[in-house]
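# Architecture and fold: a report
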Amino acid sequence: MTYRKTAAAAALLTSAVLAVAAPSAAQAAPAAATPCGASAMVKETLPNGTTWQMCWRINDKAGLVLDHVSVATKKYPQPVQVLDSIRLAQLNVPYDTGDTEYNDLTAIGMGGYGMETLTGDDCKGGSIRLGSDGGGEPEQRKVLCVSAEPRGLAYRLHDWDDQSETEKVYSQQGHDLVLRTISKLGWYEYVTEYRLHDDGQITARLGATGDLAPSEYSTSSTGWPIGKAARDYATMHYHNAFWRVDFNIDGKGGEKVEQYDTTTDGRGTVAAKLKTTKTAIAKEGTFSKVNQRWWRVVSPTSKNVDGHQRSYEVVTNGGDRYEGHPETKPDITFSQKDPCEKWASDNASDPECPLDIQTVVDFVKDKQKLTDPVAWVRVGFHHVPRDEDQSPMPMHWQGFELVPRDFTEMNPLTPAGLAGRNGNQSQE
């Protein structure tokens, strides 16, 4: 019997579902049935007509968790599910001296006492949702910021219509629905943020601010001079952030994982020819980014109106790769969903699952067939301190994107005047 069969009997990750409804920063969409109550739901319609809907909660270790994430557009107002859940899965912080290391989520936690009460400019222009901090206390605090924020130019097309012999410029600004929380872990303050774009893209990122730890100073080989002359060397260190992404496209599940690689393949008449090949990832494993490689998670049953399978592409460059641990080397790990695989490292510390399964590398050792894949995305950042990091430290970000691929047959923000531009327009 494998450890997974034992783990299957364990309880699912539990945490308080929270949030008290508050006036939204964007125009509220009509109410609809959701897997959570209204007090734990965010449902907002952005200016371009895209509606995002999800449940939110705070876990004592992971902090902000989004569940049952769905999207609808002006053209297709029926919500289509994208994710079952997304959350942080670990923040590993080893210092370059080799004498200090933290697994912040499992040792301290983004929720509980680490969850900050929002104040000042923390949610300027947005609305604050009340809820418990996930640490078991019933007290309601201001913990979640929800806002609609401009994201810049969504598209631009200077178009010429041959039939009418007229030209027109199509140009539109885009918007994001943004959910963020702030957690204080030691001297650092971390911003957990999810940006849900009106074109269907999701950006997950972690921001770091606060202050340099006054106890972490070393030598010139492992630190950087901070302060007067070359006397105090603030120690360099890594922020190895992991996210756990559980897809559930169109609520159907059973997604497949595919890897695409592009290589040179001889020459054409004027330039090198390139060939892109698909590799089905049928079993669990760890994978790393190389030039011209990417992955998508695709539904075998849900299709857009063109008959193409809906999918989401995972876009990450992996950031700075920390070579000190096996689990911090892969950029992405795909594992079969298991309720006892909760944390990308220090997983065995969870009292609900007392198994000797420590890291994402252990999750995939038995190479199970992927019928319900979970993606563990790692993004590293090697923090080499600088004078400007004091004080407070300017925000620095690390994260990745989930980009819709064939989720709709055209850009979900396509204006009415271009609605017929689907496929090869040169064909009569």
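An account of the accompanying structure is given in this report. No experiment lies behind these values; they were computed from the predicted model shown. (Residues numbered from 1 in each chain as written. Predicted model: local features only at pLDDT ≥ 70, side-chain atom pairs only at ≥ 80, totals over all residues. Heavy atoms only, no water.)

## A few points about the overall build of the protein
Each helix and strand in the protein was counted, giving 3 helices and 23 strands. Relative to the compact-globule value of 22 Å for 428 residues, the protein shows a C-alpha radius of gyration of 23 Å, a close match. Principal-axis analysis of the C-alpha atoms gives the protein an extent of 70 × 60 × 55 Å. Put simply, the protein has 428 residues, and 50% of those count as buried. Once local pairs closer than 6 in sequence are excluded, the contacts in the protein between residues at least 24 apart make up 62%. For the protein, the exposed area adds up to about 19700 Å²; of that, 50% sits on carbon and sulfur atoms. (Helix = DSSP H or I, 4+ residues; strand = E, 2+ residues; numbered from the N terminus. Rg over C-alpha atoms; globule rule 2.2 N^0.38 Å. Buried < 20%, exposed > 50% of the residue type's maximum accessible area, 1.4 Å probe, protein only. Contact = heavy atoms within 4.5 Å. Areas by Shrake-Rupley, 256 points an atom, 1.4 Å probe, with all protein chains shown as cover.)

## Some points on unusual backbone geometry
Residue S391 follows Q390 across a cis peptide bond; omega there is -20°. Following the sequence through the fold, S391 ends up in the loop between strand 22 (373-383) and strand 23 (393-405). That bond from S391 to P392 is cis: its omega, 5°, falls within 30 degrees of zero. Secondary-structure assignment places P392 in the loop between strand 22 and strand 23. Positive phi, normally seen in glycine, also occurs at A229, with a value near 55°. With respect to the secondary-structure elements, A229 resides in the loop between strand 13 (223-225) and strand 14 (233-235). Positive phi values are uncommon outside glycine, yet D250 reaches one of about 60°. Note on placement: D250 falls in the loop between strand 15 (237-247) and strand 16 (256-267).

## Describing the pattern of salt bridges
One pass over the full model with this rule turns up 31 salt bridges. Between D232 and R231 there is a salt bridge; the shortest N-O distance is 3.7 Å. A relative accessible area of 29% means that D232 is categorised as partly exposed. A single salt-bridge network, built from bridges that share partners, covers E149, R151, D176, R180, E193, R195, D198, D199 and R205. (Salt bridge = Lys/Arg side-chain N within 4 Å of Asp/Glu carboxyl O.)

## Thoughts on the sheet that holds strand 14
Strand order in the open sheet made by the 3 strands is 12-14-13, with antiparallel pairing throughout. Every other strand in the sheet has two partners, leaving strand 12 (217-218) and strand 13 as the edge strands with one partner each. With 2 bridges connecting them, strand 12 and strand 14 associate as antiparallel partners. What sits directly across from Y217, in strand 14, is A234. (Pairing = 2+ DSSP bridges.)

## Looking at empty space enclosed by the protein
Across all of its chains, the model carries 1 cavity of 30 Å³ or more by this definition. Reported here for the largest cavity is a volume of approximately 60 Å³. For the lining of the largest cavity, the per-class residue count stands at 7 nonpolar, 2 polar and 1 charged. (1 Å grid on protein atoms, 1.4 Å probe; cavity = no way out; pocket = protein on both sides within 12 Å on 5 of 7 lines; lining within 4 Å. Points joined across faces, edges and corners; volume = space filled by probe spheres on them. Nonpolar A, V, L, I, M, F, W, Y, C, P; charged D, E, K, R; others polar.)

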